[in-house]
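Residues per chain, in single letters:
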Number of protein chains: 2
Amino acid sequence: MDPVICTVDVVLLTLTAEGLEVALLKREHAPFKGVAALPGGYIHARTDTDARDAARRVLLDKTGIAAPYLEQLATFSGAARDPRGWSVSIAYYALVPAATIAQAERHEVRLYSVDRLPPLPFDHGDIIETAVSRLRSKSQYSSLPCHLLGEVFTLPQLQRVYEVLMGESINKVSFRRKMTEMDMLDPVDGQFDSSGAHRPAQLYRLKPAFREQLQLLERGL
Amino acid sequence: MDPVICTVDVVLLTLTAEGLEVALLKREHAPFKGVAALPGGYIHARTDTDARDAARRVLLDKTGIAAPYLEQLATFSGAARDPRGWSVSIAYYALVPAATIAQAERHEVRLYSVDRLPPLPFDHGDIIETAVSRLRSKSQYSSLPCHLLGEVFTLPQLQRVYEVLMGESINKVSFRRKMTEMDMLDPVDGQFDSSGAHRPAQLYRLKPAFREQLQLLERGL
DNA sequence: CGAATAGTGTCTGTAAGACAGTATCTG
DNA sequence: CAGATACTGTCTTACAGACACTATTCG
C-alpha cells in the first residue's frame with residue numbers, strides 16, 4: 001500500500017454583476033506559496049467523518065462560509081498533479097449568493113471571473129472548468145441556480161440567473177410555465193420587491209424539500 | 001497528514017436476458033473474505049499514473065476485461081466504511097456486452113441482477129446503486145447504452161436496451177427519429193441481422209467519435 | 001401621464017407519439 | 001401464403017416560443 005496524499009478542494013462559485021465567479025485564496029505554504037488557488041487541504045482522518053465533512057471544514061476554516069449547498073464534483077488524482085507525490089483531490093463545489101461572501105468579511109478571499117482565471121497551481125484550472133461545466137449542464141434541468149440567490153428572490157431575478165449560466169436568453173412565458181410545473185417555489189405572501197420604478201415583483205423562496213436536494217426535470221428549460 | 005487507505009472499485013455492468021447485471025467476485029482476503037464484492041484494490045502509486053489507470057488495471061487483473069468504456073462514478077470515503085481505517089474508494093463504472101464477460105472465461109466472475117443483490121461488504125451496495133442510477137439517468141439523453149451491445153447491432157436491439165434501462169417502452173418512430181438526429185450511428189453497408197423469421201434488420205456501428213466520448217442530447221428520448 | 005418592468009392570455013410552429021401501411025424474411 | 005418483425009409515411013396531439021396585452025409602480 002503505497003503512500004498517497006489525500007486532500008479535498010472546494011470550488012466556491014457565486015454570481016456577481018461580472019457574471020459567474022470563483023473564490024480563490026493565496027496559498028500560505030509551499031508548493032506554489034503566494035499563488036491564488038482553490039481553498040483546500042488535507043483530509044484529517046482523526047476528525048473528519050468523510051470527505052464531504054472535510055470539504056465543509058476546509059471551506060469554513062478558509063473562507064468563513066458554511067455553504068448550504070455543497071456537492072461532490074469529481075476526484076482528481078495521479079502522480080503528476082502535485083510535486084509532493086502521488087495525490088488524490090476529492091473536489092466539491094459550493095454555490096452561495098454573493099452577499100454571503102461579503103458577509104464573511106475574509107478579505108483574503110478574492111473572486112475571479114471564471115472566464116478570466118489567473119495562472120493556477122496543480123490542476124486547479126481543470127477542477128474549476130469541470131465545476132463550471134457541471135453547473136451549466138445541471139442548470140438546464142434542475143433547481144441548482146436558486147442557490148446562487150438569497151433566501152427570497154423574484155422570478156425575473158431567477159430567470160436572469162438561468163440566462164447568465166446558460167449564456168442565452170429564455171422565453172419568459174416558457175420559463176414561468178416551467179417554474180410552475182417544477183413546483184419548487186413558494187410565494188412569500190404579500191411580499192414584493194418594489195425597488196424599481198415599475199410594478200413590484202412577487203417574492204418567492206425555494207421550498208424546503210429543494211434546499212439540499214435537487215429537483216430534476218424530465219426535459220430542460 | 002493522517003494515513004488514509006486509497007482504493008479503487010469498479011462497477012462492471014452488462015445486460016443479459018435477466019436484465020441489468022453487475023459483476024462480483026468473492027473476496028480473497030480479509031476483511032469479508034469469501035464474500036461477493038466489487039472488483040477493487042489499492043492504488044499502486046509506483047505504477048498507476050492516476051486513479052483511472054488503477055481502475056483499468058484492477059479490472060483487467062481481476063476479470064480479464066479491458067473495458068472500452070470506463071468512467072468515474074464518485075468517490076466514497078469516511079471512517080466508517082472499512083474496518084481497517086479511514087478509507088477512500090474512487091469508484092468507476094464500466095459497460096460491456098455480456099459476450100465480453102463470457103469470452104474472458106474467468107469463472108470466478110459472477111453476474112448478479114442489480115435488483116437482487118447479495119449481502120455486500122463495505123458500502124458496495126451504495127456504490128452499485130449509485131452506478132445504476134447514474135447509468136439510467138444518463139441513458140435518457142446520451143449514447144451510453146450502445147456500450148452494452150457489441151460492435152455492431154440493429155436499431156430494434158438498441159431500442160430494447162434503452163427500454164430495459166429506462167423501464168418503459170419507447171415509441172418506435174420517435175426512437176428512430178432521435179437516432180437519426182443524434183447522428184451517432186453508421187449503417188454497416190449491406191450487412192443485416194437475418195436471424196429471425198422475418199425481414200432482416202440493418203446493422204449499425206457506433207461512429208468512432210462516440211466510442212469513448214458521450215453524445216449528449218438537448219432533450220431526452 | 002409616460003416609462004419601465006411584472007405578469008398573463010393566446011396563437012403558432014415544432015416535435016413527439018399513435019396508427020397504419022409497406023417490405024422482406026422463414027417455414 | 002401466413003406469420004413475424006423491420007421500416008416508413010402521415011395524422012394528431014402536446015409543448016415551447018412569439019407576441020401582444022394588462023397591471024402596477026415611480027417620477
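Every value quoted in this text rests on a predicted model; they were computed, and no experiment measured them. (Residues numbered from 1 in each chain as written. Chains lettered and ligands numbered in written order. Predicted model: local features only at pLDDT ≥ 70, side-chain atom pairs only at ≥ 80, totals over all residues. Heavy atoms only, no water.)

**Q** Help me understand the pattern of salt bridges, please; the structure alone is not making it clear to me.
**A** Close approach of charged atoms lets side chains of opposite charge pair. Scanning all chains against the criterion turns up 19 salt bridges over all chains. Residue R57 of chain B is joined to D48 of chain B by a salt bridge in which the shortest nitrogen-to-oxygen separation is 2.8 Å. Assigned by exposure class, R57 of chain B and D48 of chain B land together as buried. A salt bridge links E71 of chain B to K138 of chain B; the shortest N-O distance between them is 2.9 Å. Of this pair, E71 of chain B sits in strand 5 (residues 69–78) while K138 of chain B sits in helix 3 (residues 124–139); the two residues are 67 residues apart in sequence, bridging distant segments of the chain. An identical accessibility class is assigned to E71 of chain B and K138 of chain B; each is buried. A single network of salt bridges, built from pairs that share partners, joins D183, D186 and K207 of chain A. (Salt bridge = Lys/Arg side-chain N within 4 Å of Asp/Glu carboxyl O. Buried < 20%, exposed > 50% of the residue type's maximum accessible area, 1.4 Å probe, protein only. Helix = DSSP H or I, 4+ residues; strand = E, 2+ residues; numbered from the N terminus.)

**Q** For this particular structure, what's the right way to read the UniProt feature "domain: NrtR DNA-binding winged helix" (unreviewed entry) in chain A?
**A** Mapped onto the present numbering, the UniProt feature "domain: NrtR DNA-binding winged helix" (unreviewed entry) falls at residues 146–206 of chain A. For residues 146–206 of chain A, the end-to-end C-alpha separation is 7 Å, with 38% helix and 30% strand making up the annotated structure. (UniProt positions renumbered as here; feature names shortened; annotations may be inferred.)

**Q** How do you make sense of the domain arrangement of chain A when you look at a structure like this?
**A** All names here are of chain A. The domain architecture assigned to chain A consists of domain 1 (5–138) and domain 2 (143–210). Here the C-alpha centroids of domain 1 and domain 2 sit 27 Å apart. Between domain 1 and domain 2, the contact holds 13 residues from the first and eight residues from the second. Approximately 970 Å² of surface area, both sides summed, lies buried where domain 1 meets domain 2, with 77% of it carried by carbon and sulfur atoms. For the pair domain 1 and domain 2, the number of links is zero salt bridges. The interface formed by domain 1 and domain 2 holds one residue pair in polar contact (both at pLDDT 80 or more) in total. (Domains from an automatic or database assignment. Contact = heavy atoms within 4.5 Å. Buried area = accessible area lost by both parts, 1.4 Å probe. Polar contact = N/O pair within 3.5 Å; in protein donor to acceptor, adjacent residues only side chain to side chain.)

**Q** Explanation requested: the protein's contact with DNA strand C in the structure shown.
**A** Near DNA strand C you find 21 residues, and of these K172, R176 and Q202 of chain A together with R177 and H198 of chain B are the closest. Backbone atoms, meaning sugar and phosphate, make up 59% of the atoms of DNA strand C lying within 4 Å of the protein. Within the contact set of DNA strand C, a base nitrogen lies 2.6 Å away from a side-chain nitrogen or oxygen of K172 of chain A. Elements that contribute at least two residues to the surface near DNA strand C include exactly helix 5 (172–182) and strand 10 (201–206) of chain A together with helix 5 (172–182) of chain B. Counting residues per element, the surface near DNA strand C draws most heavily on helix 5 of chain B, at four residues. For the surface near DNA strand C, a count of residues per class yields nine nonpolar, six polar and six charged. (Near = heavy atom within 4 Å. Nonpolar A, V, L, I, M, F, W, Y, C, P; charged D, E, K, R; others polar.)

**Q** For this particular structure, what's the right way to read the protein's contact with DNA strand D?
**A** Surveying the vicinity of DNA strand D reveals 21 residues, the closest of which are R177 of chain A together with K172, R176, A197 and Q202 of chain B. Close to the protein, within 4 Å, the atoms of DNA strand D are drawn from sugar and phosphate at a rate of 56%. Here K178 of chain A contributes a side-chain N or O atom positioned 3.0 Å from a phosphate oxygen of DNA strand D. Here a phosphate oxygen of DNA strand D sits 2.6 Å away from a polar atom, N or O, in the main chain of Q202 of chain B. If you tally residues by element for the surface near DNA strand D, the top one is helix 5 of chain A, at four residues. Grouping the amino acids of the surface near DNA strand D by side-chain chemistry returns nine nonpolar, six polar and six charged.

**Q** What am I meant to see in the interface of chain B and chain A here?
**A** Bring the parts together and some accessible area is lost; that lost area is often taken as the interface size. Chain B puts 25 residues into the contact, and the matching count from chain A is 25 residues. Here chain B meets chain A over a buried area of about 2,200 Å², counting both sides, of which 60% is carbon and sulfur. Contact with chain A buries area across many residues of chain B, yet M1, D2 and W86 of chain B alone supply 27% of it, more than any other trio. Counting the contacts that link chain B with chain A gives two salt bridges. Across the salt bridge formed by D2 of chain B and R46 of chain A, the nearest N and O atoms sit 3.6 Å from each other. Put simply, chain B and chain A have 13 residue pairs in polar contact (both at pLDDT 80 or more) between them. Mapped onto the side of chain B that touches chain A, the elements with two or more residues apiece are strand 1 (5–16), strand 5 and strand 6 (87–95) of chain B. By residue number, the principal contributor to the side of chain B that touches chain A is strand 5 of chain B, which donates five residues. Looking at the side of chain B that touches chain A residue by residue, the classes come out as 15 nonpolar, six polar and four charged.

**Q** Just to check I follow, could you spell out the environment of E105 of chain A for this structure?
**A** Residues and elements named next belong to chain A. In this structure, E105 sits in the loop between helix 2 (98–104) and strand 7 (110–113). Assessed through its relative accessible area of 59%, E105 is described here as exposed. Taking the C-alpha atoms as reference points, E105 and L60, separated by 45 residues in sequence, lie 12 Å from one another.

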